[in-house]
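# Structure at a glance
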Amino acid sequence: GANRILSWMENSVAKKADEIVILTNKFKEYAAKKYKKNLDNIHVIPHGVFDYYKSVQSDKVSISYDSSKYNFLFFGRITKYKGLHVLAKAYKRLSEEYDNVSLTVVGDGDFEEYRESYKNLKNVRIINRWIHDGEVGSFFCGPNLIVVLPYLDATQSGVIPIAMEYKALVIASNTGGLSEQVADKNTGYLFETGNADDLYEKMSYVINHYEDQKYIIENAHKHIKSLSWDVLGKKLIDIFN
């Protein structure tokens, strides 16, 4: 279908290109082999800061969070590689142990496969629809907000720079390029991919030591601000030159 056509076009264009830009160091060798290039022709420019959503944010608040709770958020399109079953298992254990937690799952896509896993969990909201640009920011604004990326596989994620820009703490799976976006115990936390027990441990740790997370949140915010589009654009121009 359409995906195969796009994949063929991507391969065709990339093989003809002199230089190739990717998001993640981890995939340099793979890209060089796939597109038959030297490593010197593969360049890495990471995801930049996403401050766009602040500029278009509507005054209308799409959601509010309970300040008496630690509020976990999954945000993004619902697809199989996002690890929502892993998140359900981890949060089930967490919510059975703590009353002061909530989970909000936000995103477009087919949620039917996960409905049974989430329907009896405490303090859970499912917002299964397309989120317009003007309301994206409101999901990342709130007290004690912790963004969770339980992905089973990923190159990089645009959700991480949004969370860091809005000063939400990040817990992400240690898969693909996510480990390059999140420095464990420095700009966020990483957990073993697919391991619901390890995710539970990280979720439990941050709510029990939430005051200690302020320096991590600030580190993450400084880090993402350093990836401005002016800086990344200069890197791209340097490649052209």
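Scroll up to find the structure.
Residues numbered from 1 in each chain as written. Predicted model: local features only at pLDDT ≥ 70, side-chain atom pairs only at ≥ 80, totals over all residues. Heavy atoms only, no water.

Bringing the nonpolar core into the picture now. Within the largest apolar cluster, 65 residues are counted, with the highest numbers of intra-cluster contacts made by Phe72, Tyr118 and Phe140. Beyond its immediate stretch of four places on either side in the chain, Phe72 contacts Leu94, Val101, Ser102, Leu103, Thr104, Ile146, Val148, Ile171, Met203 and Ile207. In terms of nonpolar packing, the next biggest core, distinct from the first, is built from six residues, Ile20, Ala31, Ala32 and Tyr35 among them. (Core = buried A, V, L, I, M, F, W, Y, C linked by side-chain atoms within 4.5 Å. Buried < 20%, exposed > 50% of the residue type's maximum accessible area, 1.4 Å probe, protein only. Contact = heavy atoms within 4.5 Å.)

Next up on the list: the pairing of strand E3 (residues 70–75). Regular strands place side chains that alternate from one sheet face to the opposite one. Buried residues dominate E3, accounting for six of its six residues. With six bridges connecting them, E3 and strand E4 (residues 101–106) associate as parallel partners. By the bridge assignment, Asn71 is partnered in E4 with Ser102. Viewed along the sheet, the connection from E3 through helix H4 (residues 84–97) into E4 turns out right-handed. When E3 meets strand E6 (residues 145–149), the two strands line up parallel, connected through three bridges. Its bridge partner lying in E6, Leu73 is registered against Val147. (Helix = DSSP H or I, 4+ residues; strand = E, 2+ residues; numbered from the N terminus. Pairing = 2+ DSSP bridges. Right-handed = clockwise from strand over helix to strand, strands pointing away.)

The next point concerns the sheet that holds E3. Spatial strand order, E5-E4-E3-E6-E7-E8: six strands in an open sheet with parallel pairing. The outermost strands of the open sheet, each flanked by one partner alone, are strand E5 (124–127) and strand E8 (189–191). Along the sheet, successive strands turn relative to each other by an average axial angle of 20 degrees, direction set aside. Summarising the sheet, strand E7 (residues 169–173) and E8 pair through three bridges and their orientation is parallel. Paired with Ala172 across the strands is Leu190, a residue of E8. (Axes fitted to C-alpha atoms, helices over the stretch in contact; angles between N-to-C directions.)

Structural measurements only, silent on function.
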